[in-house]
Amino acid sequence: MCGICGFTGKKEEGTETLKKMTDVITHRGPDSAGFYSDDYISMGFRRLSIIDLDKGHQPIFNEDKTMVLTFNGEIYNYRELRSELLTLGHTFSTESDSEVLIHGFEEWGEKLLYRLRGMFGFAIYHTKDHSVFIARDFFGIKPMHYTVAEGELIYASEIKSILQHPDYHKKFNAKALDNYLSFQYVVPPETFFENIYCLLPGHYLWYRDGKVKITRYFEATFEPNENMTEQEAVDKIEAAFEDSVNAHKISDVEVGCFLSSGVDSSYVASYFADQKTFTVGFDFGEHYNEISWAQGLSSKIGVEHHTHLIKSEEFWDAVPKVQYQMDQPLADPSCIALYFVSKLASQYVKVVLSGEGADELFGGYTVYNEPHVFKVYQRIIPQKVRYFLARKAKKWPHIKGRGYILRGARKTEDKFIGNAFMYDDEEKKMILKDPSIVTRPQDLCKRFYDRVKGYDEETKMQYLDINLWMVGDILLKADRMSMANSLELRVPFLDKKVFEVARTIPTRYRIAHGTTKYAMRMAALRHLPKATAQKEKLGFPVPTRVWLKDEKYYRIVREMFESDTAKQFFNTDLIISYLDDHFNGKEDNSRKVWTIYVFLVWYHIYFGQ
């Protein structure tokens, strides 16, 4: 795993600028650095050595040096592609997957992308016409950001690298705050930095003659085979996943595995006998501590298990560190837990496998049960009556049944914007000093729902999560927190061949009998104890709700809410009332409070004096 950066145009201090851009992402590749410069471009690279440890240095060239490549990621089918390219007459000087990319692009151009199996963000410079090609993998496992400043392209694996370039003048993007307050992350391709964009998953970019042209080459669409039996679904999942795990374990260094109490990482870990697994938890009882579950499974499957209990003080001390590494605020507190488990694993291995993507591909989130839960209610109660009851219920206190009436009143497209919904448009207008930036999150989601009008409700939700939640939250934190600790994280569920199976599984086998991820759990049951394979999904519970009722942490947050930065963006009396109501036990505002607190911490780091 690595970090890449670069910019077009000749700069008087180009060497110094490139070094600054590369140095700031050293954590992505502490083993070595590489550079290429000519009169048209400067390209930087930081290497974390995983494949071909002695020779796999970058930048790397084709035979006649008319193309230059820097690459972040892993190509799991590089050996097959290398053999094919050798028969076509290409000459190789290394055994690395990066060299396969440049020869493959020389041979097939953009069509190379359809042949790849892996995770990647790479840039190829053509010395003849001075064009630049940049691509990002199918699901967005690896990051890529870009901007055009003073008529020149600047790109990098992380935004903090772009900020080192003197032609980019840092400016806060207020529109991103609007989306962040609703989704708890910045919705790509926007970022919190004006005119810096995230290249979307499954897209590539050409930069020619001062212009950027972006093309989509992959879309995660579903095409269920309604004739498939349950047995066939389970068999196909097991075969594809086993093949994927074996491919993802290819490495010239030791590979470990994250392990929680859930089925996803446990299923991955079941292929790690006699190898190392890693778990963290909090000292707040079993709900916030999965260590004992993970230890029990570890003894059954025969792995060497390492754990760390995160103390309250070290969690809170890590918040600024984590938000710096994230580049942009992320209000998902599990990203900090992920930072600590990555830190633990990095003491033993350079590569880990993890369970990200299983929920999105196989229907694992509890909320995917909602269409079934509300089916009878919505059939019996007319829509106008449901809307009337919801308007009344909105004024009720948080009593049992209130949430059911509120959610049951609306269509999926109106109520589901992803796994996190913090502030709606009315709330944002109240808390923001500048309500003119406020939009309805449903309007942003509409362009995704419009593409899947023929799908059932559960599949619509999955499609939205694959394109928004998974990119903006799940994979962002996975990349940044592992790379912050110079650790490569691989995700075997988000494999092209696994998705080819997942997209054909009928909805009745994804969500069945009130069980999410049903067919995948049945496949996992062949490798895991029943209690683990069928365990209810918890996510990664973090005790923010408890901490915000503690005087010490309440004071930390209140001080931030009273700061000049808070007054710049928010109606502070209102957000302080949210904090006070939570502290006094009147209402659970922990997620809303945490969302604002994280933004203020991040803003202080990147825009504070």
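This text gives an overview of the structure that appears in the document. Numbering of residues begins from 1 in every chain and follows the order in which that chain's sequence is written. pLDDT decides what is reported in this predicted model: residues at 70 or higher carry local features, side-chain atom pairs at 80 or more are listed and counted, and totals for whole chains, interfaces and linings draw on all residues regardless. As a convention, hydrogens and water are excluded, and side-chain values are obtained from all of the structure's heavy atoms.

### Description of the packing of helix H10 (residues 312–326) against helix H21 (residues 469–483)
Throughout, an axis means a line fitted to C-alpha atoms (over the contacting stretch in the case of helices), and angles, computed between N-to-C directions, take values from 0 to 180 degrees. A helix here means a DSSP run of H or I that spans at least four residues, while a strand means a run of E at least two residues long, and both kinds are numbered starting from the N terminus. Where H10 meets H21, the closest approach of the two axes is 9 Å, and the angle between their N-to-C directions is 110 degrees. Taken as axis vectors, H10 and H21 run roughly perpendicular relative to one another. Residue-level inspection shows Val322, Gln325 and Met326 of H10 in contact with H21, the latter providing Leu476, Lys477, Arg480 and Met481. Residue type decides the class: Asp, Glu, Lys and Arg count as charged, Ala, Val, Leu, Ile, Met, Phe, Trp, Tyr, Cys and Pro as nonpolar, and the leftover types, Gly among them, as polar. Looking at side-chain class alone, the contact of H10 with H21 contains four nonpolar, one polar and two charged residues. Angle categories are assigned with fixed cut-offs, so that under 35 degrees is roughly parallel, over 145 is roughly antiparallel, 65 to 115 is roughly perpendicular, and the rest are oblique. Contact definition: two residues touch when any of their heavy atoms are within 4.5 Å.

### Some words on the packing of helix H27 (residues 551–561) against helix H29 (residues 572–583)
Viewed as axis vectors pointing N to C, H27 and H29 meet at an angle of 175 degrees, and their least axial separation amounts to 10 Å. Classed by the angle they form, the pair H27 and H29 counts as roughly antiparallel. Taking contact as the criterion, the partners of Glu551, Tyr554, Val557, Arg558 and Phe561 in H27 are, on H29, Thr572, Ile575, Ile576, Leu579, Asp580 and Phe583. Here the contact of H27 with H29 is built from residues that sort into seven nonpolar, one polar and three charged.

### Quick word on the packing of aromatic side chains
Centre distance within 6.5 Å is the pairing criterion for rings of Phe, Tyr and Trp, where only the six-membered ring of Trp is used; planes under 30 degrees apart are then read as stacked, over 60 as edge-to-face, and the remainder as tilted. Under the definition given, this model contains 66 aromatic pairs. Centre to centre, the rings of Phe315 and Trp547 are 4.5 Å apart; their planes meet at 35 degrees, and the pair counts as tilted. Pair noted here: Phe315 is in helix H10 and Trp547 is in helix H26 (residues 544–547), with a separation of 232 residues, a long-range link. Pairing Tyr324 with Tyr606 gives two aromatic rings, centres 5.8 Å apart and planes at 15 degrees, and the pair type is stacked. Of this pair, Tyr324 sits in helix H10 while Tyr606 is found in helix H30 (residues 590–607), placing the two residues 282 residues apart along the sequence. A 1.4 Å probe rolled over the protein chains alone gives each residue an accessible area, and that area as a share of the maximum for its type sets the label: buried under 20%, exposed over 50%, partly exposed in between. Overall, Tyr606 belongs to the buried group, its relative accessible area being 6%. Whether a charge sits over a ring comes down to the Lys NZ or Arg CZ being within 6 Å of the ring centre and within 35 degrees of the ring normal. The side chain of Lys170 reaches across the aromatic face of Phe607, ending 5.1 Å from its centre. The side chain of Lys249 reaches across the aromatic face of Phe272, ending 4.6 Å from its centre.

### A look at the environment of Asp327
Checked against the element boundaries, Asp327 lands in the loop between H10 and helix H11 (334–346). Overall, the relative accessible area of 0% leaves Asp327 in the buried class. In the structure, Asp327 is positioned 100 residues away from Asn227 in sequence and 46 Å away in space, judged by C-alpha atoms. Not counting the four nearest positions on each side in its chain, Asp327 is found in contact with Glu158, Ile159, Lys160, Phe193, Arg480, Trp602 and Tyr606. In this structure the side chain of Asp327 is engaged in a polar contact, spanning 2.7 Å, whose partner is the backbone nitrogen of Ile159. Nitrogen and oxygen atoms within 3.5 Å of one another constitute a polar contact, given that in protein one can donate a hydrogen and the other can accept it, and given that sequence-neighbouring residues count only through two side-chain atoms. Engagement of the side chain of Asp327 in a polar contact is seen with the side chain of Lys160, the distance being 2.7 Å.

### Here's the deal with the pattern of salt bridges
Whenever Lys or Arg places a side-chain nitrogen within 4 Å of a carboxyl oxygen from Asp or Glu, that contact is recorded as a salt bridge. A full pass over the atoms with the stated rule returns 40 salt bridges. Here Glu84 ties to Arg115 by a salt bridge, and the two come within 3.1 Å at their closest N and O atoms. With Glu84 in helix H2 (residues 78–87) and Arg115 in helix H4 (residues 112–115), the pair connects residues that are 31 residues apart, well separated along the chain. Between Glu194 and Lys171 there is a salt bridge, and its shortest N-O distance comes to 3.7 Å. Here Glu194, found in the loop between helix H6 (174–183) and strand E10 (197–198), pairs with Lys171, found in the loop between helix H5 (159–162) and H6; they are 23 residues apart in sequence, far enough to count as distant.

### Re the sheet that holds strand E3 (residues 41–47)
Strands qualify as paired when DSSP identifies two bridges or more between them. Spatial strand order, E2-E3-E1-E9-E8-E10: six strands in an open sheet with antiparallel pairing. The open sheet has two edge strands with one neighbour each: strand E2 (32–37) and E10. As paired strands, strand E1 (residues 2–8) and E3 are joined by seven bridges and run antiparallel to one another. Within E3, the residue paired with Cys5 across the bridge is Gly44.

### What to know about the sheet that holds strand E13 (residues 255–258)
Strand pairs in the sheet, formed through backbone hydrogen bonds, run parallel or antiparallel to each other. The sheet built from five strands is open, its strands ordered E15-E14-E13-E16-E17 with parallel pairing. This sheet does not close on itself; its edge strands, each paired only once, are strand E15 (304–310) and strand E17 (488–490). Mean inter-strand twist for the sheet, computed between neighbouring axes without regard to direction, equals 30 degrees. Inspection of the sheet shows strand E16 (residues 351–353) paired to E17 by three bridges, in the parallel sense.

### Side note on unusual backbone geometry
For the bond from Gln58 to Pro59, the omega torsion is 0 degrees, close enough to zero to count as cis. Following the sequence through the fold, Pro59 ends up in the loop between E3 and strand E4 (60–61). The phi dihedral of Asp209 is positive, around 50 degrees, even though this residue is not glycine. With respect to the element layout, Asp209 can be found in the loop between strand E11 (203–208) and strand E12 (211–216). For Asp209, a relative accessible area of 79% gives the class exposed. Despite not being glycine, His513 has its phi angle at roughly 55 degrees, a positive value. Here His513 falls in the exposed class, since its relative accessible area comes to 71%.

### Focus: the nonpolar core
We call a set of buried residues a nonpolar core when its members are Ala, Val, Leu, Ile, Met, Phe, Trp, Tyr or Cys and they connect through side-chain atoms within 4.5 Å of each other. One finds Phe122, Phe139, Leu177, Phe570 and Phe599 to be the most contacted residues of the largest nonpolar core, which totals 187 residues. A total of twelve residues in this core trace back to one element, the largest contributor, which is H30. Once residues within four sequence positions are removed from consideration, Phe570 is found in contact with Leu177, Leu181, Ile431, Leu432, Lys433, Ile575, Ile596, Phe599 and Leu600. Judged by nonpolar contacts, the second largest core, of 18 residues, contains Tyr125, Val132, Tyr146 and Tyr155.

### What to know about the pairing of strand E9 (residues 152–156)
Counting buried positions along E9 yields four of five residues, so the element is predominantly enclosed. Here E1 runs beside E9; their pairing, made up of three bridges, is antiparallel. When the bridges of E9 are listed, Cys5 appears paired with Ala156. Looking at chain direction, strand E8 (residues 145–149) and E9 are connected through five bridges and run antiparallel. Paired with His145 across the two strands is Ala156, which belongs to E9. The loop that links E8 with its antiparallel partner E9 comprises two residues; one of these, Glu150, has a positive phi angle of about 50 degrees.

### Brief notes about the environment of Arg136
Within the element layout of this structure, Arg136 appears in strand E7 (residues 132–136). Accessibility expressed as a relative area gives 4% for Arg136, which makes it buried. Separated by 17 residues in sequence, Arg136 and Met119 have C-alpha atoms that sit 8.0 Å apart. Residue contacts for Arg136: discarding those within four places in its chain leaves Phe120, Lys142, Pro143, Met144, Cys198, Leu199, Leu200, Pro201, Gly202, His203, Tyr217 and Val471. At a separation of 2.6 Å, a polar atom in the side chain of Arg136 contacts the main-chain carbonyl oxygen of Lys142.

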